[in-house]
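# Architecture at a glance
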Amino acid sequence: MKSRTVSVFVKCPPSDVYGFVVDPRNLPQWATGLCRSIRPSDDAWVVESPLGEVRLRFVAPNAFGVLDHTVTFASGQEVLNPMRVVPNGDGSEVLFTLFQSDGMSDLQFVEDVAMVERDLRKLKEILEG
C-alpha cells in the first residue's frame, strides 16, 4: 500500500505530549478530522466521526511513545494508524503514518493526509499554548 508519514515538532517534552494524546477524552480538542465527540465503551471508545460512529482502540500505555490505534468502521473494516511521539532536542516529534487502503482513491488519500496535517498542527497549537 502507498503510505505517507506526517510529522510535527512540538515544543514540549515527549512525556507531556504522550500524556495528552494517550487520553482519548482529549481527541475532540485536536483530532477534529476524526472525532466530534467520544465516549468509553467496554474495551474501546466510541467516536462520533464525520463518517458516522466508529470504534477506537489504542495500544496499552507504554514508555516508548507508541500511540498506535485501530479505528473500526460500522462495516467492520479495521484500519491501523501507527503513531509515535519521539524526543527531538528539547521538544518532541509527533509522527502519524497513513496508508492508502484498497478502494481509496488518490484524491481521498490526499484529503486524509491533509486532515492529519491539520489535526497535528492543532495538537501543536494546544500543547504549546
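Coordinates for the structure precede this section.
The numbers attached to residues start from 1 for each chain and follow its sequence in the written order. In keeping with the predicted nature of the model, local features appear solely for residues at pLDDT of at least 70, side-chain atom pairs appear and are counted solely at 80 or more, and the whole-chain, interface and lining totals rest on all residues. The side-chain values count all of the structure's non-hydrogen atoms but skip hydrogen atoms and water molecules.

### What about the sheet that holds strand 1 (residues 3-10)?
- Read from one edge to the other, the open sheet built from 3 strands follows the order 1-8-7, with strand pairing classed as antiparallel. Of all the strands in the sheet, just strand 1 and strand 7 (83-88) have a single pairing partner and so form its edges. Mean inter-strand twist for the sheet, computed between neighbouring axes without regard to direction, equals 25 degrees.
- Bridge count for strand 7 against strand 8 (residues 91-99) is 6 bridges, and the pairing is antiparallel. For two strands to be treated as a pair, DSSP must find at least two bridges joining them. Counting from the N terminus, the helices are DSSP H or I runs at least four residues long and the strands are E runs at least two residues long. Whenever a helix is involved, its axis is fitted only over the stretch in contact; in every case the axis is a line through C-alpha atoms, and angles between N-to-C directions fall within 0 to 180 degrees.

### Things to note about the environment of Leu127
- One can find Leu127 in helix 3 (residues 106-128).
- Taking the C-alpha atoms as reference points, Leu127 and Val17, 110 residues apart in sequence, are found 7.2 Å from one another.
- Every residue in contact with Leu127, bar those within four places of it in the chain, is listed here: Val10, Cys12, Val17 and Phe20. Contact criterion: two residues are considered in contact whenever any of their non-hydrogen atoms come within 4.5 Å of each other.

### Here's the deal with the side chain of Ser49
- If you trace the backbone, Ser49 turns up in strand 3 (residues 44-49).
- Looking at Ser49, its side chain comes within polar contact range of the main-chain nitrogen of Leu51, at 3.0 Å.
- For this analysis, a polar contact is any N or O atom pair within 3.5 Å, provided that within protein one partner can donate a hydrogen and the other can accept it, and provided that sequence-adjacent residues contribute only side-chain to side-chain pairs. Here Gly52 takes part through its backbone oxygen, which lies 2.6 Å from a polar atom of the side chain of Ser49.
- In this view, Ser49 contacts Leu34, Arg36 and Val54; residues no more than four positions away in its chain are not counted.

### Describing unusual backbone geometry
- Positive phi is not limited to glycine here, since Asp42 has a value of about 50 degrees.
- Along the chain, Asp42 turns up in the loop between strand 2 (37-41) and strand 3.

### Overview of the nonpolar core
- Put simply, a nonpolar core is a bunch of buried Ala, Val, Leu, Ile, Met, Phe, Trp, Tyr and Cys residues held in one set by side-chain atoms that sit within 4.5 Å of each other. When accessible area is computed with a 1.4 Å probe and restricted to protein chains, residues below 20% of their type maximum are described as buried, those above 50% as exposed, and intermediate ones as partly exposed. Membership of the largest hydrophobic core comes to 32 residues, with the highest contact counts inside it found for Trp30, Val94 and Leu120.
- Looking at this core element by element, the count peaks at 6 residues for helix 3.
- With residues up to four places along the chain from it excluded, the contact list for Trp30 reads Phe20, Val21, Met83, Asp119, Leu120, Lys122, Leu123 and Ile126.

### With respect to helix 3
- The end-to-end C-alpha distance of helix 3, which contains 23 residues, comes to 33 Å, matching closely the 33 Å that a straight helix rising 1.5 Å per residue would cover.
- By the burial criterion, the buried members of helix 3 are Phe109, Val113, Val116, Asp119, Leu120, Leu123 and Leu127.
- Turning to helix 3, the residues buried within the fold contact strand 1, helix 1 (14-21), helix 2 (27-30), strand 7 and strand 8.
- Of the residues flanking the end of helix 3, it is Gly129, one or two places downstream, whose phi is positive at about 55 degrees. In a helix, the anticipated span is given by 1.5 Å times the number of residues less one.

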